[in-house]
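An overview of the molecular structure
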Amino acid sequence: MAVAAKKKATPPSELGREALRVKGFWKTCKWLILRRFSQITILALFLIGPWFGIWIVKGNLASSLTLDVLPLTDPFVLLQTLAAGYLPEMTAVIGALIVLAFYMLIGGRAYCSWVCPINIVTDAAQWLRTQLNIKSELKLSRANRYWFLAAVLGVSAALGIIAWEFVNPVSMVQRALIFGMGMAWAIILMIFLLDAFISRRAWCGHLCPVGAFYSLLGKTSLIRVNAVALDRCDRCMECFAVCPEQKVITPVLKKNGRPTSIIKDINCTNCGRCIDICSTEVFRFDLRFNDRVGHPADSDPAEPVKQSHQREVLP
Amino acid sequence: MNDSEKRARQSRRRFLIGLLKGASAAGIAGLGIGLYAGPARSLPATAIRPPGVNDEDEFLAACIRCGLCVRGCPYDTLKLAEVGEEVPLGTPWFEARKIPCEMCEDIPCVKACPTGALDPGLTDIDEADMGLAVLIDQENCIAFQGLRCEVCYNVCPVHGKAITLELKPNKRTGKHAFFIPTVHSDHCTGCGKCEHACVVETATIKVLPRHLAMGEMGNYYRLGWEEKQKAGGSLVTPDLEHRYTLPEGQRYDYEGQGLIREQQGDDATPFGNSALDTLNRGFK
C-alpha cells in the first residue's frame, strides 16, 4: 500500500495539530485526559479524608487502607525495609503482593504515568520546555536510575534504614498534601526546574529509582502499546517527540524487519501519548502476545486505512 | 593486532567505562543519601514516638511513613514529620506539651500499623514506653516552693504509681510540708500528660527519651541490704556491734533512732544542774 512519505519531522510548535485535524479533540487527547483523571482521582481519594472527612482511603502511596479492608503497600518501600533487615507484618506483605501483581499485569511503569503525582509536575515542565524550545545541554544516562536503585538498596542495608524515604520526592509530595506541606513545595520546584531548564525528562526518565523499580516489575506486563499499523506511518516522528522514554519507540518503527510490533521495553510507561498524537492511528493498547510481525498482513485488518491522513500544507 | 581484536578491545573498554560511570552514579547517590540520612535519623529529645516503638533504630527500618497510625489516633496527637522538620522525614511523632498521648485502651495507632513498626505485641497500654517523665527543673516547679500543686500527679493515667507525692518538711516555715512529685521509671509510660498539664509557663516536668532520662548505676554496685534479704542472711561475717562510750542515762539506737536520752523527771539531765555536782560524781 502506498503511503505518502513525510518529508520531515513535525516541528515542536506543531505537535498534535495534524492529529487534532484528522481525529478530533477526544481521540487526540483521550489517554492524556484519562491519565490526568486517574492521577487526580487517586490523589483526591487520599485527600477527601483529611479535607472533608470522607474516609474512603487512609494513608498514602507508601501504604494505604481502602474502605477499611483493602491494604495496599508500595513494594519498593517494603523491599527497602527488607534490605534494612526488618521483617514486616503480614498486612504490609499482602498489600505489597497485591500491588506487585497489579503492576506486573498492567505494566510496571503505569505507576509512573497513571498514579505518581510527580508525573504532573514533570509533564508540566516538559510542556514549558517545548513551548520555550529549550534544548538539552546536560545529557544524563538513562541507566543512572538503575544504579540509583542499587545504591538505595545498598544504603538501606548498610544503615538499617529505609534510605530512599529520607529523600523520596514522590512520597514527600503526596505526604505533604495529605499530612501537611512543610517545605515540600521546594522539592516540587526543584524537580520542575530540573526538568524544564536543566535536562530533558531528567527526573522520571533518568534519575528516579522508584520508576526504575517499577520498570523491572513491568518486564512481563500483559498490557503494552502495539504499533499495529506501521504501514500507515508517515514518519512525522510526533510519537517520538512526545514520548517520555524515546528509546522505547524506535525498534517498533523500523520499516524493514522490525523484531516486534509490541513496545516491550520495560521503560515504556504505558502513557498512551503516542496513541493520541498519531494522526494515522498506528498505535493502540494491546496484549503483549498480539505481535503483528509475522502476521500475514502486518497491519491492522480491522480498520481500513483512512485516506484523510494526508497532511495539509500549513501556511 | 587485527581489526576484530581492536574492535573487541574497544567494546570491552566501552563496557568497562560504562560500568565505571554507572558505579560512580550509584556511589554519588549512595554516599549522598547515606551522609544525609545518617544525621537525619536522629530524633530530637522533645519528639516522642507513638506507643509500641521499642527501639528507634529498628523503628526506622520498619516504618514506611504511611501515616495510618496518624489516622488511627482519635485525639490528633500524632503527626508525620514534614519536610524541614528535625524529626526523620515522614515518621510519626508528637509533642507532649501540645497534645499528649491519651493512652487509649485499644491502642488504635498500633492496630493501624501495617508493618509492625509499632509493635503489635503491645496490648496493654500501661506497658507502653514512649519515654520517661523527668521533673527537670526543681527551681521553677512550684511544689518545690512549698505550694500545693500536684497537677502532674493528678492527671497521670497510671495514677499513684508513675508519679507519687513524697512529703518532705518545709524548713523555711518549720511547720509545712513539700509535696514533691516523684516519677517512677518502672510505671511511667511517657504519655506526656504531666508535661501537657504542668501549670507554669514552661513545663518543669518533661518527657524525655529513656536513654536521656535515666542514668545507669553499673553492675559493680550491689545494694547490700537487698543482697542480704535475697540470701536470707548476711553474706559476710557480721560486723561487731559498735558501741559508743556514752554518759549515764544515754544510749544509742543503731536501728535508726540515734541518740536516746533516758530522762527521769523534768530536770534529769545526765550532767545534773550544777557543774560541781558532775565533777564530784563518784566521790560521794
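Residues numbered from 1 in each chain as written. Chains lettered and ligands numbered in written order. Predicted model: local features only at pLDDT ≥ 70, side-chain atom pairs only at ≥ 80, totals over all residues. Heavy atoms only, no water.

1. Details of the overall build of chain A
Looking only at helices and strands, chain A has 13 helices and five strands in total. Relative to the globule expectation of 20 Å for 315 residues, the C-alpha radius of gyration of chain A, 21 Å, shows essentially globular dimensions. Dimensions of chain A along its principal axes, counting C-alpha atoms only, are 60 × 40 × 40 Å. With 315 residues in all, chain A has 52% of them scored as buried. Put simply, of all contacts in chain A between residues at least 6 apart along the chain, 76% involve residues at least 24 apart. As presented, chain A carries roughly 14,100 Å² of accessible surface, and 69% of it is formed by carbon and sulfur atoms. Separation between the mean location of the 35 positive side-chain charges and that of the 22 negative ones in chain A comes to 4 Å. (Helix = DSSP H or I, 4+ residues; strand = E, 2+ residues; numbered from the N terminus. Rg over C-alpha atoms; globule rule 2.2 N^0.38 Å. Buried < 20%, exposed > 50% of the residue type's maximum accessible area, 1.4 Å probe, protein only. Contact = heavy atoms within 4.5 Å. Areas by Shrake-Rupley, 256 points an atom, 1.4 Å probe, with all protein chains shown as cover. Lys, Arg positive; Asp, Glu negative; His and termini not counted. Charge placed at Lys NZ, Arg CZ, Asp CG, Glu CD.)

2. Examining the state of the cysteines
Residue and element names in this part refer to chain A. One pass over the full model with this rule turns up zero disulfides over all chains. This cysteine, Cys239, is not joined by any disulfide, and Cys236 carries the nearest cysteine sulfur, 6.3 Å off. Classification of Cys239 as buried rests on a relative accessible area of 9%. (Disulfide = S-S within 2.5 Å.)

3. Re the pattern of salt bridges
Residues and elements named next belong to chain A. As enumerated under the stated definition, the model contains 18 salt bridges over all chains in all. Put simply, Asp123 and Arg36 hold a salt bridge, and the shortest N to O gap is 2.7 Å. Within this pair, whereas Asp123 is found in helix 6 (residues 118–131), its partner Arg36 is found in helix 2 (residues 25–52), the two being separated by 87 residues in sequence. For Asp123, a relative accessible area of 13% translates into the label buried. Across the pair Arg284 and Asp286 runs a salt bridge whose closest N-O atoms are separated by 3.3 Å. Among the residues examined, Asp286 registers a relative accessible area of 10% and is labelled buried. Several salt bridges share partner residues, and in doing so they unite Arg35, Arg36, Asp123 and Arg201 into one network. (Salt bridge = Lys/Arg side-chain N within 4 Å of Asp/Glu carboxyl O.)

4. Some details on a nonpolar patch on the surface
All names here are of chain A. A grouping of Leu132, Leu138, Met181, Met183, Trp185, Leu189, Leu193, Phe197 and Ile198 is seen on the molecular surface, where their side chains present a nonpolar patch of about 800 Å² in accessible area. In this fold, Met183 is placed in the loop between helix 8 (169–179) and helix 9 (184–198). Since its relative accessible area comes to 43%, Met183 is described here as partly exposed. (Patch = residues over 30% accessible without salt bridge, like charges linked within 9 Å, V, L, I, M, F, W, Y side chains within 5 Å.)

5. Brief notes about the interface of chain B and chain A
In this complex, chain B contributes 38 residues to the contact, which on the side of chain A involves 43 residues. For the pairing of chain B and chain A, the buried interface totals around 3,200 Å² over both sides, and the portion due to carbon and sulfur atoms is 72%. When residues of chain B are sorted by the area they lose upon contact with chain A, Ile64(B), Arg71(B) and Val83(B) head the list and together hold 20% of the total. Where chain B packs against chain A, one counts zero salt bridges. At the boundary of chain B and chain A, one finds eight residue pairs in polar contact (both at pLDDT 80 or more). By residue number, the principal contributor to the side of chain B that touches chain A is helix 1 (residues 3–40) of chain B, which donates twelve residues. (Buried area = accessible area lost by both parts, 1.4 Å probe. Polar contact = N/O pair within 3.5 Å; in protein donor to acceptor, adjacent residues only side chain to side chain.)

6. A few points about the sheet that holds strand 2 (residues 63–66) of chain A
All names here are of chain A. Judged by pairing direction, the sheet is antiparallel, and its three strands sit side by side in the order 1-2-3 without closing on themselves. The sheet is open, and its two borders are formed by strand 1 (57–60) and strand 3 (70–73), each paired with just one other strand. Each strand of the sheet is rotated relative to its neighbour by a mean of 10 degrees, with strand direction disregarded. (Pairing = 2+ DSSP bridges. Axes fitted to C-alpha atoms, helices over the stretch in contact; angles between N-to-C directions.)

7. Digging into the environment of Val207(B)
All names here are of chain B. Structurally, the position occupied by Val207 is in strand 6 (residues 205–208). Given the relative accessible area of 3%, Val207 is considered buried. Separated by 146 residues in sequence, Val207 and Ala61 have C-alpha atoms that sit 24 Å apart. Excluding anything up to four places from it in sequence, Val207 contacts Ala45, Ile48, Gly131, Leu132, Ala133, Gly190, Gly192 and Glu195.

8. Description of the packing of aromatic side chains
Applying the stated rule across the entire model yields ten aromatic pairs over all chains. Plain terms: the ring middles of Tyr103(A) and Tyr111(A) are 5.8 Å apart, the flat faces sit at 85 degrees to each other, and that makes the pair edge-to-face. Judged by its relative accessible area of 6%, Tyr103(A) is buried. The class of Tyr111(A) is buried, set by a relative accessible area of 5%. Both rings, one in Tyr220(B) and one in Tyr221(B), keep their centres 5.2 Å apart while their planes meet at 50 degrees; by these two values the pair is tilted. Across this residue pair, the class does not change: Tyr220(B) and Tyr221(B) are exposed. The ring of Phe166(A) carries the charged tip of Arg65(B) above its face, separated from the ring centre by 5.0 Å. When the ring centre of Phe179(B) is taken as reference, the NZ or CZ atom of Arg148(B) above it lies at 3.9 Å. (Phe/Tyr/Trp six-rings, centres within 6.5 Å; stacked < 30°, edge-to-face > 60°. Lys NZ or Arg CZ within 6 Å of the ring centre and 35° of its normal.)

9. Here we look at the domain arrangement of chain A
Residue and element names in this part refer to chain A. The domain boundaries assigned to chain A delineate domain 1 (3–15 + 224–314) and domain 2 (70–217). On the domain 2 side, the residues contacting the 15 residues of domain 1 number 17 residues. Taken together, both faces of the contact between domain 1 and domain 2 bury some 1,100 Å²; the carbon and sulfur share is 42%. When the area that domain 1 buries against domain 2 is broken down by residue, the three leading residues are Glu245, Ile266 and Thr269, summing to 36%. Residue Glu245 pairs with Arg109 through a salt bridge whose shortest N-O separation is 2.5 Å. (Domains from an automatic or database assignment.)

10. Observations regarding the packing of helix 7 (residues 144–159) of chain A against helix 1 of chain B
Helix 1 of chain B packs onto helix 7 of chain A with a crossing angle of 45 degrees between their chain directions and a minimal axis gap of 8 Å. Here helix 1 of chain B runs oblique to helix 7 of chain A, going by the angle between their axes. Here the hand of the crossing between helix 7 of chain A and helix 1 of chain B comes out right-handed. Facing Asn144(A), Trp147(A), Phe148(A), Ala151(A), Val152(A), Val155(A) and Leu159(A) of helix 7 of chain A, the residues of helix 1 of chain B in contact are Leu19(B), Gly22(B), Ala23(B), Ala25(B), Ala26(B), Ala29(B), Gly30(B), Ile33(B) and Gly34(B). (Parallel < 35°, antiparallel > 145°, perpendicular 65-115°, else oblique. Left-handed = near helix turned anticlockwise from the far one by under 90°.)

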